[in-house]
Amino acid sequence: MASVARVDLDGNPIKPITICMIGAGGFIGSHLCEKLMSETPHKVLALDVYNDKIKHLLEPENAHPWSDRIQFHRLNIKQDSRLEGLIKMADLTINLAAICTPADYNTRPLDTIYSNFIDALPVKYCSENNKRLIHFSTCEVYGKTIGSYLPKDSPLRQDPAYYVLKEDESPCIFGSIEKQRWSYACAKQLIERLIYAEGAENGLEFTIVRPFNWIGPRMDFIPGIDGPSEGVPRVLACFSNNLLRREPLKLVDGGQSQRTFVYIKDAIEAVMLMIENPARANGHIFNVGNPNNEVTVRQLGEMMTEVYVKVSGESKLETPTIDVSSQEFYGVGYDDSDKRIPDMTIINKQLGWNPKTSLWDLLESTLTYQHRTYAEAVKKAISQASATS
Ligand SMILES: NC(=O)c1ccc[n+]([C@@H]2O[C@H](COP(=O)([O-])OP(=O)(O)OC[C@H]3O[C@@H](n4cnc5c(N)ncnc54)[C@H](O)[C@@H]3O)[C@@H](O)[C@H]2O)c1
Ligand SMILES: O=C(O)[C@H]1O[C@H](OP(=O)(O)OP(=O)(O)OC[C@H]2O[C@@H](n3ccc(=O)[nH]c3=O)[C@H](O)[C@@H]2O)[C@H](O)[C@@H](O)[C@@H]1O
């Protein structure tokens, strides 16, 4: 409870602070706001163009005990003179705002680069006003592994030195310029360098977070239900949509790419430690992921299919997956990260954080949420579409 004395990792009492959270209405922001409201005394100035995912925290009729600790400001950081004032009112700024769905990187590369680099004005305002910044980057800054460039049968591909991703050692390896997939990773890399330089030259107190595929409830949207019918969200929402509609899951280029997935609730614990332990978090870049939850995308699809059968009580399709080329699914200029295993040394040492939830368990709670939230709406949309066709 907020009234119980809370201490940081060094045993010092934690003082209540005001946080300016940009992109608070998104997937990660909504979970972070929820945690801050229910378990801490901190105040949040929540900035976003949308607030659907945090409405439950804002509605006054729910008479929440935290209603005087969260304030929503609807604004687009591209063009709003209120931004600097809000950053000045806070002790800490957390910047989550970004275009971060791969389907946009090669089809809307300009918007992607502007959103992830040019629009990151909060860096300048934090530096000029001596405010602490926690900035969300991405594991995509590592790009492809060194191992992916070795011959297919090279035994070195099995050596962790060629694939484990380390904040202070691994290079950033992107494809050629016409592979516009890398527009996002490259913009994120440059903003990391800018933040690092502000730290080195102007004393900006910063922490950079590199999330490795955080997943859970409220991630992205279900096309045609709470997002555009033609929209392509990230893989969790794509596969959830297929399962809800009883369609085969589409495996891009055979689903051979590998990912490690971490449960959003575990990852939020890591962000809380960063917020409340500035002396341990400032000046660091942190991988936040779960190296134990590695699967190929094909294995993810198979596991989601099994879990969905369990939580929905529906039968499995005869053909649960189909292969689709990346060109067909994402268009020209797509490319992929082959494998993403986070090294955990720095986050273990500085914050003592470790993820807890297995992939099966996190999929079970997430797909239970997806089924409860969307199954009826999807059925209705399908029957309406068949009635009008
Ligand atoms: N979810 C992950 O696993 C993951 C992985 C790597 C990196 N990240 C990074 O974490 C951050 C948050 O990711 P997320 O998954 O919550 O994404 P999200 O799309 O759900 O949230 C981003 C939020 O930012 C808002 N936003 C974007 N541009 C804005 C603008 N100009 N003005 C105001 N608000 C704006 C959006 O409306 C959205 O609510 C992003 O920077 C993303 O690159 C996330
Ligand atoms: O979440 C992260 O850590 C980062 O990675 C994501 O990139 P990626 O993992 O490639 O995004 P997804 O859309 O979730 O795709 C994962 C894999 O599934 C595949 N996929 C996706 C959707 C689908 O229907 N089928 C399918 O096989 C993709 O080709 C890719 O190999 C996004 O770039 C960001 O959200 C973020 O920075």
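Each chain has its residues counted from 1, running along the sequence as written. Whichever chain is written first becomes A and whichever ligand is written first becomes 1, with later ones labelled in order. Per-residue local features of the predicted model are confined to residues with pLDDT of at least 70, and side-chain atom pairs are confined, for both listing and counting, to 80 or more; whole-chain, interface and lining totals are unaffected and use all residues. Based on all heavy atoms of the structure, the side-chain values leave hydrogens and waters out of the count.

Under an unreviewed UniProt entry, the name given to the chain is UDP-glucuronate decarboxylase, and the source organism is Prunus persica. For the chain, the Cofactor (unreviewed entry) comment in UniProt is given as "NAD(+)". UniProt positions are given in the numbering used here, feature names are shortened, and annotations may be inferred rather than shown by experiment. If you open the UniProt record of the chain and go to Subcellular location (unreviewed entry), you find "Cytoplasm".

Asks: Residues and numbers for the site of ligand 2, please.
Replies: Surveying the vicinity of ligand 2 reveals 26 residues, the closest of which are Tyr105, Thr138, Glu140, Asn213 and Asp336. Between ligand 2 and Arg181, the relevant distance is 3.1 Å, taken from an oxygen atom to a side-chain nitrogen or oxygen of the residue. Residue Asn213 places a main-chain N or O atom 2.6 Å away from an oxygen atom belonging to ligand 2. Across the complex, the protein chains shield 97% of the 710 Å² of accessible surface that ligand 2 would expose by itself. If you list the elements that add at least two residues to the shell around ligand 2, you get α4 (102-105), α8 (235-244), β9 (249-252) and α12 (326-330). One heavy atom within 4 Å of a molecule or strand is enough for the residue carrying it to be called near that molecule or strand. The definition of a polar contact used here is a pair of N or O atoms within 3.5 Å, where within protein one atom must be able to donate a hydrogen and the other to accept one, and adjacent residues in sequence count solely through side-chain atom pairs. Only the protein chains shown count as cover for residues, with accessible areas throughout obtained via the Shrake-Rupley method and a probe of 1.4 Å. A run of H or I in DSSP becomes a helix once it reaches four residues, and a run of E becomes a strand once it reaches two; helices and strands are each numbered from the N terminus.

Asks: Outline the site of ligand 1, listing residues and values.
Replies: Around ligand 1 there are 25 residues in total, and Phe27, Asp48, Asn76, Tyr184 and Trp214 lie nearest to it. One of the backbone nitrogen or oxygen atoms of Phe27 is found 2.8 Å away from an oxygen atom of ligand 1. Interatomic distance of 2.9 Å between a backbone N/O atom of Ile28 and an oxygen atom of ligand 1. Protein burial of ligand 1: of its 820 Å² of free accessible surface, 89% is covered by the chains. Among the elements of the structure, α1 (27-39) and α7 (183-202) are those that each provide at least two residues to the shell around ligand 1. Taken together, the residues that form the shell around ligand 1 break down as 15 nonpolar, seven polar and three charged. Amino acids are sorted into nonpolar (Ala, Val, Leu, Ile, Met, Phe, Trp, Tyr, Cys and Pro), charged (Asp, Glu, Lys and Arg) and polar (every other residue, Gly among them).

Asks: Got a sec to walk through the nonpolar core? Specific residues and values, please.
Replies: Residues belong to one nonpolar core when they are buried, are Ala, Val, Leu, Ile, Met, Phe, Trp, Tyr or Cys, and are joined through side-chain atoms within 4.5 Å. Each residue is assigned to one of three classes by its accessible area relative to the maximum for its type, calculated with a 1.4 Å probe on protein chains only: buried under 20%, partly exposed between the two thresholds, exposed over 50%. Counting 65 residues, the largest nonpolar core has Met21, Ile94, Trp214, Met274, Ile275 and Val288 as its most contacted members. Take this core: its biggest share by element is eight residues, from helix α9 (residues 264-276). Look past the residues within four positions of Met274 in its chain and what remains in contact with it is Arg132, Ile134, Thr207, Val209, Ala281, Phe286, Val288, Ile347 and Leu351. Formed by 21 residues, the second largest nonpolar core is a distinct cluster that contains Leu83, Val123, Ile191 and Ile195. Working rule for contacts: check all heavy atoms of both residues, and any pair within 4.5 Å makes them a contact.

Asks: Can you break down the sheet that holds strand β2 (residues 43-48) residue by residue, with the values?
Replies: At least two bridges found by DSSP between two strands is the condition for calling them paired. Spatially, β3-β2-β1-β4-β5-β7-β12 is the arrangement adopted by the seven strands of the open sheet, whose pairing is parallel. Unpaired on one side and paired on the other, β3 (70-74) and β12 (284-288) mark the two borders of the sheet. If you compare each strand with its neighbour and ignore which way they point, the axes differ by 15° on average. In the sheet, strand β4 (residues 92-95) pairs with strand β5 (residues 132-136) via four bridges, with the strands oriented parallel. If you follow Asn95 over to β5, its bridge partner there is His135. To obtain each axis, a line is fitted to C-alpha atoms, and for helices this fit is confined to the stretch in contact; angles are then taken between N-to-C directions over 0 to 180 degrees.

Asks: I'd like to hear about the packing of helix α11 (residues 297-312) against helix α14 (residues 359-388), residue by residue, with values.
Replies: Each packed pair of helices is defined by two parameters, the angle between the axes and the distance between the axes. Following both chains from N to C, one finds α11 and α14 inclined at 55°, their axes separated by 9 Å at the closest point. Considering their axes alone, α11 and α14 lie oblique with respect to each other. Remark: the crossing between α11 and α14 carries right-handed chirality. Facing Leu300, Met303, Met304, Glu306, Val307, Tyr308, Lys310, Val311 and Ser312 of α11, the residues of α14 in contact are Leu359, Trp360, Leu363, Glu364, Leu367, Thr368 and His371. Looking at the contact of α11 with α14, its residues break down into 10 nonpolar, three polar and three charged. Roughly parallel covers angles under 35 degrees, roughly antiparallel covers those over 145, roughly perpendicular covers 65 to 115, and oblique covers all other angles. With the far helix as reference, a near helix turned anticlockwise by less than a right angle produces a left-handed crossing, and one turned clockwise produces a right-handed crossing.

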